[in-house]
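# Coordinates in review
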Amino acid sequence: MTTTRITADRSAAGERLDRLLAREVPGMSLERARKLIEAGSVRIRGKACKPLRKLWGGEEIEIELGSPAKPALPAPEASAPPLRILHEDALLVIVDKPAGITVEPEGNMPSIVGRVAAQVENLDVGGQALPGVAHRLDRDTTGCLALAKTDEGLGFLKAAFEGKRARKAYWAIVLGEPPPSQRLEAPYGRDPRDPRRYSTRVQSARRAALSYRVVERFAGAALVEVELETGRTHQIRVQLSEAGFPLLGDAVYGSEASRSHPAALAVGRQALHARSLVLIEPGGARLSVEAPVPEDLQRGLELLRGAARSR
C-alpha cells in the first residue's frame, strides 16, 4: 500500500478534486483519480471525499494508491532468455529489445511489456503491475527501449520525448551509396494506396525529420547512424527507402535487391538497431545507455566486410 500526500494551493479554490489530483500527482490520469475517489481512497481531514467535491484551497489531501493489480498477460516463452537490462532505477527500466517481439501485447503473443512485468519488480503504472510505454520499436527492430516503472516515471518519459529531451540514435544497414551525411525532412502520413504503409509522398501537416551519417561503407551498401528529430511510425525505414537507400531485409519498404542481398539473408530481418538513448533528467543530469550490436547484424556486417576485402 502506497500513500502520498499533497496540499491544495489557495489558487485551487473552486477546482474539482479529481482534476487537482490529475494535475498534481505525477503520472496520475483523470480516470484513475476518479476511481480512487470513488473507492474512498482519497481523504481530507481523515474523511473520504465525494467524486465531484470542489476545493476551498489549502486542504491537505491523503491519497492511498493501493497495491498494483496484476493483469493477466500471455506468459513469456519458457525458452526465452531474460531481457538484458541496460539501466534501472526507481522510475525507469531500459531494456535491450530483441527482434521478433512486439512492445505491447497483441492477442495471445508474448510482448516486451509482459516480459518486463515478469522480470522486473516494483512496477506500478496506472494502478497495474505493468511497465508504462512512452515510445516503441517495431517488432523486428532491436535495441534501447525505455519503460516506466511508476506513474512518475511515465510522466517523465512522456515529457522527455515530447519536449525533445530524449536523443535516439539508430544503426541501419542500407543498400546504395548514400552521401557522407544528410538531413531529411518531409510531410508524413499513411500511404493513400495502402493504409498499412507510411510515406513522405503525401500532403500532410505532420512532418518527419531525421539526420544520418555514414559509419562504414561496403560494396554497394553502407552502415549509417540515424538520429531522429521526430518519432513517426516506421520513419527511418520510410525516409531512407524513399531517399533511395532502403534498409537491407525490410519486407515492407525495401526493394527486391535489398531483400535478396546476401547480407539481408544473413540478418533475416530489417537491419535496424536502436543503438543508443540519451535522456535529460528534470534536474539536468544526463542518462545515457547503449545497446550492443546484436549477433544477426554482426553477421550481416561481417559478410559485407568480407566481400569488401575480397574485391
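Look up a bit, the structure's there.
Described below are features of the structure shown in this document. A quick note: this is a predicted structure, and the numbers were derived from the prediction, not measured.

It is worth spelling out the nonpolar core at this point. Counting 32 residues, the largest nonpolar core has Val116, Val224 and Leu240 as its most contacted members. Elements supplying a minimum of two residues to this core: strand S6 (92–97), helix H3 (112–119), strand S8 (142–148), strand S9 (166–175), strand S13 (207–218), strand S14 (221–228), helix H5 (235–242) and strand S15 (272–280). At four residues, the largest contribution of residues to this core is made by S14. Excluding residues within four positions of it along the chain, leucine 240 makes contact with Val174, Leu184, Tyr212, Val224, Val226, Phe245, Pro246 and Leu247. By size, the runner-up hydrophobic cluster in this structure holds 18 residues, among which are Ala8, Leu21, Met28 and Ala33.

Before going further, it helps to spend a moment on the packing of helix H1 (residues 17–24) against helix H2 (residues 30–38). Between H1 and H2, the least distance of the axes is 8 Å, while the angle of their chain directions is 125°. Here H2 runs oblique to H1, going by the angle between their axes. Considering the relative orientation of H1 and H2, their crossing is right-handed. Taking contact as the criterion, the partners of Leu17, Asp18, Arg19, Leu21 and Ala22 in H1 are, on H2, Leu30, Ala33, Arg34 and Ile37. Considering only residue class, the contact of H1 with H2 consists of six nonpolar, no polar and three charged.

Here the focus is the pattern of salt bridges. Taken as a whole and assessed by the stated rule, the structure comprises 27 salt bridges. Taking the shortest distance from any N to any O, the salt bridge between aspartate 18 and arginine 16 comes out at 2.8 Å. Of the residues examined, aspartate 18 reaches a relative accessible area of 1% and is grouped as buried. Linking glutamate 302 and arginine 305 is a salt bridge whose minimum nitrogen-to-oxygen distance equals 2.8 Å.

In this section: the packing of aromatic side chains. A ring pair, where both rings are aromatic, is described by two values, the distance of the centres and the angle of the planes. Counted according to the given criterion, the structure contains one aromatic pair. Seen from their ring centres, tyrosine 188 and tyrosine 198 are 5.9 Å apart, and the 10° between their planes marks the pair as stacked. One end of the pair, tyrosine 188, is in the loop between strand S10 (181–187) and strand S11 (189–191); the other, tyrosine 198, is in strand S12 (residues 194–199), and 10 residues separate them in sequence. With relative accessibility at 1%, the residue tyrosine 188 sits in the buried group.

Across the seven residues that make up S8, a large majority, seven, are buried. As judged from the two bridges shared by strand S7 (residues 132–133) and S8, these two strands associate in the antiparallel manner. If you follow glycine 132 over to S8, its bridge partner there is alanine 148. Relative to S15, S8 runs parallel, the two sharing two bridges. When the bridges of S15 are listed, threonine 142 appears paired with histidine 273.

The complete set of buried residues in H3 reads Ile112, Val113, Gly114, Arg115 and Val116. Check the buried side of H3 and you find it contacts S6, S7 and S8.

Let us now look at the pairing of strand S16 (residues 286–290). For a regular strand, side chains alternate in direction, first toward one face of the sheet and then toward the other. Of the two faces of S16, only one is covered, namely that formed by Leu287 and Val289; the face formed by Arg286, Ser288 and Glu290 stays uncovered. Summarising the sheet, S15 and S16 pair through five bridges and their orientation is antiparallel. For isoleucine 280, the partnering residue across the bridge sits in S16 and is arginine 286.

Our focus in this paragraph is the sheet that holds strand S3 (residues 47–48). Strand order in the open sheet made by the four strands is S1-S4-S2-S3, with antiparallel pairing throughout. Looking at the sheet topology across the chains shown, the edges are occupied by strand S1 (3–7) and S3. Both strand S2 (residues 42–44) and strand S4 (residues 60–64) contribute to a ladder of three bridges, which runs antiparallel. Considered in S4, the bridge of isoleucine 44 is made with isoleucine 61.

A water-sized probe, rolled over the atoms, reveals where empty space remains. Considered as a void within the structure, the largest pocket measures approximately 840 Å³ in volume. Put simply, the parts of the chain that give the lining of the largest pocket at least two residues each are helix H4 (151–162), S9 and H5. In terms of residue count, S9 provides more of the lining of the largest pocket than any other element does, four residues in total. Of the residues contributing to the lining of the largest pocket, the split by class is nine nonpolar, nine polar and 13 charged. The calculated volume of the second largest pocket comes to roughly 390 Å³. Together, 22 residues line the second largest pocket, and Pro81, Leu83, Pro98, Ala99 and Arg115 are the ones closest to its centre.

Cut-off values and rules
- Residues numbered from 1 in each chain as written.
- Predicted model: local features only at pLDDT ≥ 70, side-chain atom pairs only at ≥ 80, totals over all residues.
- Heavy atoms only, no water.
- Core = buried A, V, L, I, M, F, W, Y, C linked by side-chain atoms within 4.5 Å.
- Buried < 20%, exposed > 50% of the residue type's maximum accessible area, 1.4 Å probe, protein only.
- Helix = DSSP H or I, 4+ residues; strand = E, 2+ residues; numbered from the N terminus.
- Contact = heavy atoms within 4.5 Å.
- Axes fitted to C-alpha atoms, helices over the stretch in contact; angles between N-to-C directions.
- Parallel < 35°, antiparallel > 145°, perpendicular 65-115°, else oblique.
- Left-handed = near helix turned anticlockwise from the far one by under 90°.
- Nonpolar A, V, L, I, M, F, W, Y, C, P; charged D, E, K, R; others polar.
- Salt bridge = Lys/Arg side-chain N within 4 Å of Asp/Glu carboxyl O.
- Phe/Tyr/Trp six-rings, centres within 6.5 Å; stacked < 30°, edge-to-face > 60°.
- Pairing = 2+ DSSP bridges.
- 1 Å grid on protein atoms, 1.4 Å probe; cavity = no way out; pocket = protein on both sides within 12 Å on 5 of 7 lines; lining within 4 Å.
- Points joined across faces, edges and corners; volume = space filled by probe spheres on them.

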